[in-house]
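Chain and residue survey
Chain residues, written in single-letter form:
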Amino acid sequence: MSDATPTGVLPSFRAAFSSPARLRTEVLAGLVVALALIPEAISFSILAGVDPRVGLFASVTMAVTIAFTGGRPAMISAATGAVALVIAPVMAEHGLEYLIATVLLAGAIQVALSLVGVARLMRFIPRSVMVGFVNALAILIFAAQIPHLVGVPWLVYPLVAAGIAIMVFFPRLTTVIPAPLVAIVAITIVVVAVGWSVPDVSDQGELPTTLPSLMFPDVPLTLDTLRIIGPYALAMALVGLMESLMTAKLVDDITETHSDKTREGWGQGVANLVTGFFGGMGGCAMIGQTMINVKESRARTRLSTLLAGVFLLILVVALGDIVGLIPMAALVAVMVMVSVGTMDWHSVHPRTLRLMPFPETLVMLVTVVATVWTSNLAIGVILGVVTAMVMFARRVAHMTTIEKVAELDTNHDGSVDTRTYRVRGELFWASSNDLVYQFDYAGDPEHVVLDLSGADIWDASTVATLDAVQHKYAAKGKTLTVVGLDGASQERLERLSGRLNATGAS
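This text gives an overview of the structure that appears in the document. (Residues numbered from 1 in each chain as written. Predicted model: local features only at pLDDT ≥ 70, side-chain atom pairs only at ≥ 80, totals over all residues. Heavy atoms only, no water.)

1. Examining the overall build of the protein
Scanning the protein for helices and strands turns up 19 helices and seven strands. Relative to a compact globule of 506 residues, whose C-alpha radius of gyration would be 23 Å, the protein shows 29 Å and is clearly more extended. Reported as C-alpha extents along the three principal axes, the dimensions of the protein are approximately 110 × 60 × 50 Å. Counting only residues that meet the buried cut, the protein has 52% of its 506 residues in that class. In the protein, of all internal contacts separated by at least 6 residues, the share reaching a separation of at least 24 is 83%. Summing over all exposed atoms, the protein offers an accessible surface of approximately 22,700 Å²; the carbon and sulfur share of this is 64%. For the protein, the separation between the mean place of its 31 positive charges and that of its 38 negative charges on side chains is 6 Å. (Helix = DSSP H or I, 4+ residues; strand = E, 2+ residues; numbered from the N terminus. Rg over C-alpha atoms; globule rule 2.2 N^0.38 Å. Buried < 20%, exposed > 50% of the residue type's maximum accessible area, 1.4 Å probe, protein only. Contact = heavy atoms within 4.5 Å. Areas by Shrake-Rupley, 256 points an atom, 1.4 Å probe, with all protein chains shown as cover. Lys, Arg positive; Asp, Glu negative; His and termini not counted. Charge placed at Lys NZ, Arg CZ, Asp CG, Glu CD.)

2. A closer look at the environment of Ala-161
Position of Ala-161 relative to the elements: it lies in helix α6 (residues 156–173). Ala-161 gets classed as partly exposed once you look at its relative accessible area, which sits at 43%. C-alpha separation for the pair Ala-161 and Val-332, spaced 171 residues apart in sequence, amounts to 9.9 Å.

3. A closer look at the nonpolar core
The biggest cluster of nonpolar side chains holds 101 residues, and the ones touching the most others in it are Ile-38, Leu-56, Leu-99, Ile-125, Met-281, Ile-292 and Leu-312. Of the residues forming this core, the biggest block, 12 residues, is contributed by helix α1 (residues 20–48). The next biggest cluster of nonpolar side chains, apart from the first, holds 21 residues, and it includes Leu-435, Val-448, Leu-450 and Leu-496. (Core = buried A, V, L, I, M, F, W, Y, C linked by side-chain atoms within 4.5 Å.)

4. Remarks on unusual backbone geometry
Positive phi, close to 75°, is recorded for Ala-74, a residue that is not glycine. Within the secondary structure layout, Ala-74 lies in the loop between α2 (52–69) and β1 (77–78). Positive phi, normally seen in glycine, also occurs at Arg-298, with a value near 65°. The topology assignment puts Arg-298 in the loop between α10 (287–296) and α11 (302–317).

5. Concerning helix α19 (residues 487–496)
Every α-helix winds through 3.6 residues per turn, so residues three or four apart in the chain are directed the same way. Those residues of α19 that fall on the buried side of the exposure criterion are Ser-489, Arg-492, Leu-493 and Leu-496. Around the axis of α19, the buried residues are gathered within 95° of arc, so they sit on the same side. Relative to its buried face, α19 has exposed residues pointing more than 90 degrees away, namely Gly-487 and Glu-494. In this structure, the buried side of α19 is in contact with β6 (447–457), α18 (460–475) and β7 (479–483). (Arc of directions from axis to C-beta.)

6. Looking at the side chain of Thr-188
Mapped onto the elements, Thr-188 comes out in helix α7 (residues 179–194). Thr-188 gets classed as buried once you look at its relative accessible area, which sits at 15%. Once residues lying within four places of it in the same chain are set aside, the contact partners of Thr-188 are Leu-325, Ile-326 and Pro-327.

7. Observations concerning a nonpolar patch on the surface
Together, Leu-214, Phe-216, Leu-221 and Phe-277 line one region of the surface with nonpolar side chains, adding up to about 480 Å² of accessible area. By secondary structure assignment, the location of Leu-221 is in the loop between α7 and α8 (223–255). (Patch = residues over 30% accessible without salt bridge, like charges linked within 9 Å, V, L, I, M, F, W, Y side chains within 5 Å. Salt bridge = Lys/Arg side-chain N within 4 Å of Asp/Glu carboxyl O.)

8. Here's the deal with helix α15 (residues 358–374)
Between the first and last C-alpha of α15 there are 24 Å, a value that for 17 residues agrees with the 24 Å anticipated at 1.5 Å per step. Among the residues making up α15, those that are buried are Thr-361, Val-363, Met-364, Thr-367, Val-368, Ala-370 and Thr-371. Residues of α15 that are buried sit in contact with α5 (127–143), α14 (350–355) and α16 (377–397). Ser-375 lies just past α15 and shows a positive phi near 55°. (Expected span 1.5 Å × (residues − 1).)

Below, the structure written as structure tokens:
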């Protein structure tokens, strides 16, 4: 029996047991991700100013919960740097209890936003922003490994090179066992057996020795508390949703399946609620670990996500002493390969850049630069989308034309009676603002006709501009008649005309 999932069909837990090969892939993928999560969770805990156990337990509860509630199978959610940056000020100024309260409120906000349909906004993110998002992600993943490569013993460098070599060449021998797992195990055995002194996982922070327990933050349930945590909770909710939905879309493209973005959104909220009640720092989708799971290890079902959380708990609580021996060089090698695999190299090839329209390239560059500069994927995506909107509006505005019709209506005495202008294109704020300057108010005859049969009116700005044109002709004792509209454009003009400030009428 084939272990492949039909294109377009989301795999469930049951799909993981469709064949021994598929089950083995999911289990080993979960183990690799769990190993890769440990140093990341510890690093993000330090970034947020909390004990490493807070980040590790957050990663456990996020992964386990999202395996059941999420809308994108095989996607990994855990403690992340983006969320850590947002909530760090709360920890620094008010302490852990307020941080937990912030996580709980953020989870509730994510559920509410998802239920009102915020996930549907994903359709407005253009491809160039997605490409920039992916490339910026690859750069950030690689940049995050640099601290582990600076000021370290020289042995680290050949170990990293060996890890990369294993992940490049081992899949040519067999794909039964994920190459990242082979690299981690092989390098750890060599380092321990030889007794080399290189940085390892235990150097990153103390691993927990007990299971997480339920808790409720000891904060006053007052408006003052809401004023403190509200802005941070909203920011965390928006950043988490944006990163999670963007990652889900990326995994959709890789696996050629369509995920439920609304479910993913409220699933992230539920996961943050669960995490908060267990004293975790919250989180969202982890793109690097998701790429390890989906791209490097070829996992496709919810089981790999669930096992990533379960294995992480077992590794840090029961096998912490052994896990602490894993050289950071092995994990750095894994993440370097993830970075290389994540980068859309075709998008930065000189031939592609020559063929790609400049606005598309500019949007990609803005997304990459903003993301890398701020180390915040959400800011990069927002600026990329804004740039794309401006470039699109500019391009569409230039597609609007206005022309004087050559034929003039004349009176019986031969005098010109009517001038007709014909407008073609889409009329909205960007294309209609200059419309008021395209008419010969002094030289036109007594009657002017504006033929909009080849145009559409999309907003109030255009109606205000048409009112301004009409007022300018009226000031000269002339009349303007608009013809050719129908449907929504006609209804919009009739409803708004004369009820808006006619900018430029004077």
